[in-house]
Amino acid sequence: MADLDDIRDGDNFGLNTPADTSKFYLKGMNDASWGIKNRMSRIFNQKSGRTVMLAFDHGFLMGPTSGLERIDLNIAPLADEADCLMGCRGMIRTSIPATNTKPICLRTDTGTTILTEMNHNTLISEIDALGINATAMAAMLAIGDAETEALTIANFSKLVDIGNKYSIPVMGVTAVGKDMARDARYFGMASRVCAENGASIVKTYYTEGFEKVVAGCPVPVVIAGGKKLPELEALELCYKAIQCGALGVDMGRNVFQSEAPLAMMKAVKALIHDDLKPTEAIELFNDLKNA
Ligand code: 5RP
């Protein structure tokens, strides 16, 4: 039985000691299976060690939100610039050409929408992940909400079992209860719970103290962009996350709701892979937007 009255927040994250990557270029993967390593190598650029994933899974929660009215028109044209496409099976099948060779991270849980209580999710069949030729699978892991915490952690653990059976990496999409602070303590905890349950990638949100979130998570961390920001602010967010050790982004709204999504995609990519500073990346964005 845990002593719930003596929980001490960790503060010794060895921030100056990088994880051992002597056997594989991504942290936490030294002893992963050949298949997991091979799939991770398709998602994470082998030169930069980072990834730019394009997220368009929002519709299963919120329908045809701004920028995702037509995946065939809004997202498919951006695919060449992404390292990986993250979406739901129905949209991939109907709206991404089958000739696409970019890795797919399939959103593998589904359930309630924004109209009711979110995160009462269930897993889709792994047969669809195999059928879609998914390179990775993603599911929500939500902590701090009595209604959904156990359910999402059970879903997530089951998905990792399936992923391990077929050597498909699983990405944890973190969420924290609606009454909880969206800070490093709770996103750090959600990220760590994903990793403890066998995640190969964790998607979370940038917060103050993000270096501790990353250091406490032994597998690659990528950030969601969150709500739409002015382009320079979104690029600054990506930059700060990378400085804290994130290995990329799985970004949606800040790309597809941009006034120039293709230019934004290219600017994010240059910042992530070529180490452009935010001021350089916004210059690139403006040049491309006005070209
Ligand atoms: C909440 C998520 C989604 O996967 C979504 O992809 C978020 O992307 P963004 O915040 O960049 O729009 O994290 O289900």
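Placed above this text is the structure.
Now for a look at the structure at hand.

Rules used throughout
- Residue numbers run consecutively from 1 along every chain, following the written order of its sequence.
- Selection of residues for local features in this predicted model requires a pLDDT of at least 70, selection of side-chain atom pairs for listing and counting requires 80 or more, and totals for whole chains, interfaces and linings are taken over all residues.
- Any residue surrounded by 20 or more other C-beta atoms within 10 Å of its C-beta is treated as buried, while 12 or fewer makes it exposed and the intermediate range makes it partly exposed; C-beta atoms here are placed from the backbone.
- A run of DSSP states H or I qualifies as a helix once it reaches four residues; a run of E qualifies as a strand once it reaches two. Both are numbered from the N-terminal end.
- Following DSSP output, two strands are said to pair if at least two bridges run between them.
- Orientation is described by lines fitted to C-alpha atoms, with helices fitted over the stretch in contact, and by angles between N-to-C directions that extend from 0 to 180 degrees.
- In what follows, roughly perpendicular refers to angles from 65 to 115 degrees, roughly parallel to angles under 35, roughly antiparallel to angles over 145, and oblique to any angle outside these ranges.
- Crossing handedness follows the turn of the near helix against the far one: under a right angle anticlockwise gives a left-handed crossing, and clockwise gives a right-handed one.
- In this description, a residue-residue contact is defined by the distance between C-beta atoms placed from the backbone, which must lie within 7 Å.
- Under the scheme applied here, ten amino acids are nonpolar (Ala, Val, Leu, Ile, Met, Phe, Trp, Tyr, Cys and Pro), four are charged (Asp, Glu, Lys and Arg), and all others, including Gly, are polar.
- Every crossover in which the path from the first strand over the helix to the second runs clockwise, viewed with the strands pointing away from the viewer, is termed right-handed.

By the alternation rule, side chains of strand 8 (residues 201–204) split into Ile201 and Lys203 and Val202 and Thr204, which are all buried. Bridge count for strand 7 (residues 170–176) against strand 8 is three bridges, and the pairing is parallel. Looking at strand 8, one finds that Met171 is bridged to Ile201. Bridge count for strand 8 against strand 9 (residues 221–223) is three bridges, and the pairing is parallel. Note that in strand 9 the partner of Lys203 across the bridge is Val222.

Bringing the packing of helix 11 (residues 261–274) against helix 12 (residues 278–290) into the picture now. For the pair helix 11 and helix 12, the least separation of the axes is 8 Å and the interaxial angle reads 150°. Looking at the two axes, helix 11 sits roughly antiparallel to helix 12. You can see that helix 11 and helix 12 cross each other, and the crossing is right-handed. Of the residues in helix 12, those in contact with Ala263, Met264, Lys266, Ala267, Ala270 and Leu271 of helix 11 are Pro278, Ala281, Ile282, Leu284, Phe285, Leu288 and Lys289. Per-class residue counts for the contact of helix 11 with helix 12 are 11 nonpolar, no polar and two charged.

Bringing the packing of helix 9 (residues 231–243) against helix 11 into the picture now. Relative to each other, helix 9 and helix 11 sit at 25°, their axes nearing to 10 Å. When the axes of helix 9 and helix 11 are compared, the pair comes out roughly parallel. Viewed along their axes, helix 9 and helix 11 form a crossing whose handedness is right-handed. Judged by residue contacts, Glu231, Leu235, Cys238, Tyr239 and Ile242 of helix 9 engage Met264, Ala267, Val268, Leu271 and Ile272 from helix 11. Its residues assigned to classes, the contact of helix 9 with helix 11 shows nine nonpolar, no polar and one charged.

For the rest of this paragraph, the subject is the pairing of strand 7. Consecutive residues of a regular strand have side chains that alternate between opposite faces of the sheet. Where burial is concerned, most of strand 7 is hidden: seven out of the seven residues are buried. The side-chain alternation of strand 7 yields two buried faces, one formed by Val170, Gly172, Thr174 and Val176 and the other by Met171, Val173 and Ala175. Bridging between strand 6 (residues 136–143) and strand 7 involves seven bridges; their strand directions are parallel. Across the sheet, the residue bridging to Ile143 is Val176, located in strand 7. After leaving strand 6, the chain enters helix 6 (residues 149–166) and then returns to the sheet as strand 7, a path that is right-handed. Crossover strand 7 to strand 8 through helix 7 (residues 184–196) is right-handed.

Let us look at the environment of Ala260. With respect to the element layout, Ala260 can be found in the loop between helix 10 (253–256) and helix 11. Remark: the alpha-carbon pair of Ala260 and Leu288, spanning 28 residues in sequence, is separated by 8.5 Å. Other than its neighbours up to four places away in sequence, Ala260 contacts Leu288 and Lys289.

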